[in-house]
Every structure is written in C-alpha cells, then in structure tokens.
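Coordinate analysis (summary)
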Amino acid sequence: MADAELEALKAKVAAARLAPQASETGTVVEVADGLAQVTGLPGARLNEIVTFPTGARGFVLTLEDDRLHAAFLDPPDGVAAGDTVARSGQLLSTPVGDGLPGRVIDPLGRPLDGLSAPVTSDRLDAERPAPSIIERDFVTEPVETGLLVIDALFAIGRGQRELIIGERQTSKTSIAVDAIINQAGSDMVSIYVAIGQRLTAVRRVIEAVRARGALSRTIFVVAEATAQPGLRWLAPFTATSIAEWFRDRGGHALIVYDDLTKHAATHRELALLSRQPPGREAYPGDIFYLHARLLERSAKLSTARGGGSLTALPIAEIEAENLSAYIPTNLISISDGQIVTSASLFAANQRPAVDIGLSVSRVGGKAQWGALKAVAGRLRLDYAQYLEMKMFSRFGGFGDAAMTARMARGERIGALLGQDRFAPLTTAAQVALLAGLAEGLLDAVPLERLPALKAALPPLLAAEPALAAFRARPEGLDAATRAALLSVLKTALAPT
Ligand SMILES: Nc1ncnc2c1ncn2[C@@H]1O[C@H](COP(=O)(O)OP(=O)(O)OP(=O)(O)O)[C@@H](O)[C@H]1O
Ligand SMILES: [Mg+2]
C-alpha cells in the first residue's frame, strides 16, 4: 500500500514541470503623470512591456540601478503604490501588413476608426536598426508632391528626409497633406503620424485625404494631445516600423511626422518626470540621438535589398523665426534639407508660405525629373532678383521698359509658386507652365487668370496623345515635346 502511494508521488514529481518561468514581478513605488516608478525588476530591458494588476500596460522607459520608470500605454486609473508589476518579456512592437492602408490606428495598432482590428500578417519591433551603408543606394527617383514650389525648386527624392519647418499656422501641415494626396494615383503608401495634436485637427487631415481619394493609400497613426505621454512618445517609432514593412518588400513609403517638436516636448516631459538630468533648454542629453536614430531609418535600399524606399517629411515648429533654437538645429542637421515656411510670407498671402531663400534640398536635385530640371534652372535666381527689385522699387518706380518686363516676369513666378490647397499639378503641367514662362507666354496674362489656367492645364495635357510617353516619365525635354507642351498651354490660354 505504502509502495503504491510512493509510486504515485514519484510519478507526480516526475511530471512536475521544473523549467524556469518568467514571472519576475516588481512593485510600484509611485504613479504620476503617465509614469510608474517600479522597484524589483532587475532583469527588465528598455522598451519591454510590463503589466499592472488592472490590466494596464506600460513600457520600460528608463533603467536605473535599483528601479525603473515605466510609461503607461493604457490609462493608469486604479494603479497605486504597492501594486505588483509583471514583466512580459516582450518588447514594444506593432502589427504590420497590407491591411493597414486606409486605416486610422493608435501607436499600438488598435483601430481608432470604429472598424474591426486591421488584418495584419506580421509584427515588427518599434525600434529597429537603420539600414547600413552597403544596404543603401543613391536617391535617384523623385517623390512628386504636386506642389510646384517643391517639385521645381526643392525636389525631394525617394529615400530623402526633408524637414518642413516654420512658425505656427504657416501651411506646414498643408504642404505635407498635399504631398500625401498627390500619391492617390502613385505607387507610394503614405503614413501620417499625428503626435500631440488636437483631435479636431487630425480629423480635418483625415477628411481632406479621404475627400481627395487618397485614403486607400494612407495610414494614420494617431497619438493625440490627450493620449498617454507614453503613446505620444511611441507613435513615430511604430509608424516607422509600419512604413519599413513596405520599404523592405521593395515598395515605396512616405512618412509625415506631425510634428517632432511636440515629440521632443513629450520626451522632455517624460525625462524630467523620471528625473533624468536636464540639458540644454531642459531637454535630456539623448534628444539628438532619439531623433537621429528615428530619421536614419528612412532610406533608399540597394537592389540587393529589393530597391524599396522610405521618404520622411518630419515637421517642426519654430518660434519667432528662430531657426537656430536647439530642436530645430538638431533636426536640420539630421535631415537632407528643409522647406522653411514663414509667417510674414503667409501674412502677405503667399501660400504655401515657403521661404525660397532659406529652403534647401540637399539630395533631391539628382532625383528631379530631367524635364523639370531643364525648365526650372533659372527660376530661383530670377525670383530672388525680382524680390530684390521689388524692395527697391518701393523707393520710386523704375521707368525703363526692361525693368518693367522683369517685374512682370517676377510677379508671374510668384503666382506660379503659390498654389491652392488640394490642387496638385502634374509634372507635365509644371513643365508646361515653366516652359511657357520662359517663352514669355505668361507675361501678358493677368495674374488673376493664372489659378484658372493651372486648373485647366492638367486635363488638357492628359488628353494629348503625343505626350503619353512624356507624362509617364518626363525624363528629358526634346524640341518636339516642348512644342507640344507649349501648344497645349496656348490652347488653355486662348480666350473662349
Ligand atoms: N496653399 C494654401 N492655400 C490657401 N490656404 C492655405 C494653404 N495652405 C494652408 N492654408 C491655410 O492656412 C492655415 C494654416 O495651415 P496649416 O494648418 O497647414 O499650417 P501649420 O503650419 O501646419 O499650422 P499649425 O502650426 O497650427 O500646425 C489653414 O487654415 C489652411 O487652410
Ligand atoms: Mg500643422
């Protein structure tokens, strides 16, 4: 009898699973402002997800010798000092896949558009290494934004990082949204990341993209102003992973970070609350590294890696025209150029309010369509001279006819660089307008007729069979094509 009991016990012991199990738990010391201070999790890693007794999740933001700070990803209601915290062993990640275009999600991939969870095929970590030098290729293909001021003067290439920077309410978001809308018929997938914005502003952007037929090619990742600081911090990282999924399959993605000034503020807020030493302007010392490792992930990949690309349009806000503040100079130095918008140009009705003198695109010129390059060459110089002359003419007009003609030309350049929202121009239309300008065809056209001309031109050009090959790839501008473009322009100009 005793033997049988012993055998049964032996069998039980043999069946018991003695493998180590990850059930390390710590203790909440303090909860405040979206952060929890936790002791007793010595094995925890940065970016690891931890869970609280309420079911709320957070991630490890800082690690110190005997404690860590976790940022909440869910509302911290009900979590208090003394509660236990469990490690998950999982790092921050996001679902990715073909089901995401057309959707509005939060930084963890949860739907915000009232629909069911998006169909995804994979998960990617939020922080992923940037492609190495040998995995990259030169930036040679254009991103067509449909905005003449950018495509002609500050061309952006696939794989480039072009900062959009300016004061409040100076058309920064509109420029990026126009670029997204212009991808409605292209092979690019756009990702718009809203960081710390009011929901009404985000809704306006979503609605604009939907109304112009680009929603099915766009993913919105939203961490609004009232979202947990941890979510606002995370948003640009998971959104970049989502974009990389397309990039790494040979696809082309465009990501808009709106905006990184607010992201920097969130990073500072979390750093101060977790008692990291404040540096310049109270930002922690790693703010430069944070954004550098984010933007390094935008790249044009080599043929061996599939030839995909990720183009970034980070947005930054400045105060009082101060481009040399800490965050703006950081971001300028880790991007390949900047589109600078200006409150004074905006007030003077130049929209988009791009400052031609301060803006630059450092790699896009090599990616610009050849035909556009052929007609845009002198544009910037002519316009700069016009602006100078205009300033002097305030002190008394120039009588001579040559000057008057140059002023008329300059005014027309200004009118071409301005553009309504949601009125993208095809590259063919941009080339036709600039070729016509150079020929003097626009000099006698009243300025107020130019918007109507811009609207009329794209469909007329699209209907011209002789231009079919040119429309597909406007690589160069031979005499016959130039003549065909000018002929369509003249038709559009003819009084009806
Ligand atoms: N090309 C344009 N034509 C006419 N109006 C425009 C144009 N671009 C922008 N606007 C208007 O200017 C205002 C500011 O634009 P937008 O929101 O894009 O600026 P922002 O710099 O992103 O502002 P914020 O600092 O608030 O984010 C909006 O009301 C917008 O409708
Ligand atoms: Mg904006």
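What this report covers is the structure whose coordinates are included nearby.

Cut-off values and rules
Once a new chain begins, its residue numbering starts again from 1 and follows that chain's sequence as written. By the order in which they are written, chains take letters starting at A while ligands take numbers starting at 1. Local features are withheld for residues below a pLDDT of 70 in this predicted model, meaning they are given only at 70 or higher, and side-chain atom pairs are given and counted only at 80 or more; totals for whole chains, interfaces and linings count all residues. Orientation is described by lines fitted to C-alpha atoms, with helices fitted over the stretch in contact, and by angles between N-to-C directions that extend from 0 to 180 degrees. Helix and strand definitions here come from DSSP, where helices need a minimum of 4 consecutive H or I residues and strands a minimum of 2 consecutive E residues; each element is numbered from the N-terminal end. Roughly parallel refers to an angle under 35 degrees, roughly antiparallel to one over 145, roughly perpendicular to one between 65 and 115, and oblique to any angle outside these ranges. By convention, the crossing between two helices is left-handed when the near helix turns anticlockwise from the far helix through less than a right angle, and right-handed when the turn is clockwise. Our contact criterion uses C-beta atoms placed from the backbone: two residues qualify when those atoms are within 7 Å. Three classes are used, and their members are as follows: Ala, Val, Leu, Ile, Met, Phe, Trp, Tyr, Cys and Pro are nonpolar, Asp, Glu, Lys and Arg are charged, and the others, Gly among them, are polar. Two strands qualify as a pair provided DSSP detects at least 2 bridges between them. Whether a residue is near a molecule or strand depends on its C-beta atom, generated from backbone atoms, being within 6 Å of that molecule or strand. By convention here, the domain bounds are inherited from an automatic or database domain assignment. Field definition: a residue is buried when 20 or more other C-beta atoms are found within 10 Å of its C-beta, exposed when 12 or fewer are, and partly exposed for counts in between, with C-beta atoms placed from the backbone.

It is the contact of helix H3 (residues 172-181) with helix H4 (residues 199-211), at a shortest axis distance of 10 Å, that shows an interaxial angle of 30 degrees. When the interaxial angle is binned, H3 and H4 end up roughly parallel. In this structure, H3 meets H4 at a crossing whose hand is right-handed. Two secondary-structure elements touch here, H3 through Thr 173, Val 177, Ile 180 and Ile 181 and H4 through Val 205, Ala 208 and Val 209. A breakdown of the residues in the contact of H3 with H4 according to their chemical character gives 6 nonpolar, 1 polar and no charged.

Before going further, it helps to spend a moment on the sheet that holds strand E8 (residues 104-105). Pairing in this open sheet of 8 strands is mixed, and the strands run E8-E14-E13-E15-E16-E12-E17-E18 from one edge to the other. This sheet does not close on itself; its edge strands, each paired only once, are E8 and strand E18 (360-361). Summarising the sheet, strand E15 (residues 252-258) and strand E16 (residues 309-317) pair through 6 bridges and their orientation is parallel. Across the sheet, Ala 253 pairs through a bridge with Leu 310, a residue of E16.

Further remarks concern the site of ligand 1. Taken together, 14 residues are adjacent to ligand 1, and Ser 171, Lys 172, Thr 173, Ser 174 and Arg 351 come closest. Take the shell around ligand 1: its biggest share by element is 3 residues, from H3. Split by residue class, the shell around ligand 1 holds 1 nonpolar, 7 polar and 6 charged. Here the shell around ligand 1 spans two domains, since at least three of its residues come from each of domain 2 (94-368) and domain 3 (374-493).

That bond from Asp 258 to Asp 259 is cis: its omega, -5 degrees, falls within 30 degrees of zero. Within the secondary structure, Asp 259 sits in the loop between E15 and helix H6 (260-273). Phi is positive for Glu 281, which is not a glycine, with a value near 50 degrees. Within the secondary structure, Glu 281 is located in the loop between H6 and helix H7 (287-295). Exposure remark for Glu 281: the 11 C-beta atoms within 10 Å place this residue in the exposed category. If you check the backbone angles, Asn 349 has positive phi at about 70 degrees while not being a glycine.

With respect to the element layout, Gly 157 can be found in strand E11 (residues 156-157). Assessed through the 23 C-beta atoms surrounding it within 10 Å, Gly 157 is described here as buried. Setting aside residues up to four positions removed in sequence, Gly 157 forms contacts with Val 139, Thr 140, Glu 141, Pro 142, Val 143, Val 363, Gly 364, Lys 366 and Ala 367.

With that out of the way, let us pick up the sheet that holds strand E2 (residues 35-39). The strand order E1-E2-E5-E4-E3-E6 describes a closed barrel built from 6 strands, whose pairing is antiparallel. Geometrically, the sheet is characterised by an average inter-axis angle of 45 degrees between neighbouring strands, direction not taken into account. When strand E4 (residues 57-63) meets strand E5 (residues 67-72), the two strands line up antiparallel, connected through 5 bridges. By the bridge assignment, Leu 63 is partnered in E5 with Leu 68. Most of the contacts of helix H5 (residues 229-247) go to E5, to which it runs at about 85 degrees, and overall it touches E4 and E5.

Before going further, it helps to examine the packing of helix H11 (residues 379-393) against helix H12 (residues 401-417). In a pair of packed helices, the angle between the axes and the distance between the axes together describe the arrangement. Between H11 and H12, the shortest axis-to-axis distance is 9 Å and the interhelical angle comes to 115 degrees. Where H11 crosses over H12, the handedness of that crossing is left-handed. Within the contact between the two elements, H11 uses Leu 379, Asp 382, Tyr 383, Tyr 386, Met 389 and Lys 390 and H12 uses Arg 406, Met 407, Arg 409, Gly 410, Ile 413 and Gly 414. Broken down by class, the residue content of the contact of H11 with H12 amounts to 6 nonpolar, 2 polar and 4 charged.

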